[in-house]
Amino acid sequence: MKIRELYSRVTGKPYYARRKKVLVLEGGGMRGVFLTGILQHFTDMNYFPWEMIIGSSAGALTGTAYASRQIHIARDAFFTELLSGKFIKLTNILRPERHILNLDWMVDSIVQGEETLNLRRLKKSCPVYITATDCRPNNPPCTIYLSSLRDDVPVALKATAAIPFLYRGFVKYRDYNLLDGALLDPIPYRKALAMGYKEEDILVVLTRQRGYRKKEESFWIKTLLESYYKDSQYRFLVDMLDKRYMLYNRILDELENDLTGIDVIYPPDNFAVDRLTRDEKKILHGFELGVSAAKAFLRSISG
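Quick look at the structure, then. (Residues numbered from 1 in each chain as written. Predicted model: local features only at pLDDT ≥ 70, side-chain atom pairs only at ≥ 80, totals over all residues. Heavy atoms only, no water.)

**Thoughts on the nonpolar core**
Part 1 of the argument: Grouped together as the largest cluster of nonpolar side chains are 69 residues, with contacts concentrated most on Phe42, Trp50 and Ile53.
Part 2 of the argument: No other element matches the 9 residues that helix H11 (residues 280-301) contributes to this core.
Part 3 of the argument: In contact with Trp50, other than residues within four places in its own chain, are Lys20, Lys21, Val22, Leu23, Phe42, Tyr66, Cys126 and Leu203.
Part 4 of the argument: Among the nonpolar cores identified, the runner-up in size contains 20 residues, and Val22, Ile187, Tyr197 and Leu252 belong to it. (Core = buried A, V, L, I, M, F, W, Y, C linked by side-chain atoms within 4.5 Å. Buried < 20%, exposed > 50% of the residue type's maximum accessible area, 1.4 Å probe, protein only. Helix = DSSP H or I, 4+ residues; strand = E, 2+ residues; numbered from the N terminus. Contact = heavy atoms within 4.5 Å.)

**Focus on the pattern of salt bridges**
Part 1 of the argument: Under the definition given, this model contains 11 salt bridges.
Part 2 of the argument: The partner of Glu254 in a salt bridge is Arg190, and the shortest N-O contact between them spans 3.1 Å. Placement of the pair is Glu254 in helix H10 (residues 235-258) and Arg190 in helix H8 (residues 189-194), with a sequence separation of 64 residues.
Part 3 of the argument: Judged by relative accessible area, Glu254 falls into the partly exposed class, the value being 22%.
Part 4 of the argument: Between Asp253 and Arg213 there is a salt bridge, with the nearest N and O atoms lying 2.8 Å from each other. Here Arg213 lies in the loop between strand S7 (202-205) and helix H9 (219-228) and Asp253 lies in helix H10, a separation of 40 residues in the sequence.
Part 5 of the argument: Asp253 gets classed as partly exposed once you look at its relative accessible area, which sits at 32%.
Part 6 of the argument: Through salt bridges with shared partners, a single network forms among Arg213, Asp253 and Glu256. (Salt bridge = Lys/Arg side-chain N within 4 Å of Asp/Glu carboxyl O.)

Functional significance is not addressed by these values, which are geometric in nature.
Written out as structure tokens, the structure is:
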């Protein structure tokens, strides 16, 4: 009997020749439906070799649901709650006292809704590190990593998705002023490397196609951000937002050209979902593309 057959018979799990240890999930708003398709297939195939999951924004939400064995919560959200007008309210752009992204509603509906996130099961799973950006007044922003084992998970998921300007103000947690975790660490594989993991231990799942590079923000977006964060105590935040595209592109350059031992799953060229997409057909297709990508990855590492 072959090793893979014996392993499968004893454990009830498929055998994979190359075992991964760390799963890194990029964010991207509604583009996160690609992640959900991947994690749905991983769940269906009982593929959970992870010692650690790290995610930003939508990557943190889907990763947390996957770790608690409730990926269906994230999956269903992309086809119901997140498509509703209650989450994205573009009419609030000119109403500075109201959020454009209603994260309070998102947390209440998805994380604490009819089927709540099973925090007890989550704490028995591998740790999920949720990125957030601490933006204390008169200080350069810095990334913090909130833990599913130690921190308030609903607050952490809200903080990691708090896109500047689209979410008014900051998410307050302990002594932190928190915003979107993807601002400084959008693809947090460096956290795993800093903790001693090797490149071959890591799987990164992105929500942008291979070869994508972020462009500098338009004059109008820059003007909006500078106007909203006009108080001098946020000068470091404004400067960071202005240069963020360069940081993001350096990270992609590093993944594509230098850290070639890290496995990366990219969406295919026909992935048409953007951050604020609300087209149900595009969302369904994006999910299906994630399932297909997961199937291809598991085939590539099978013995």
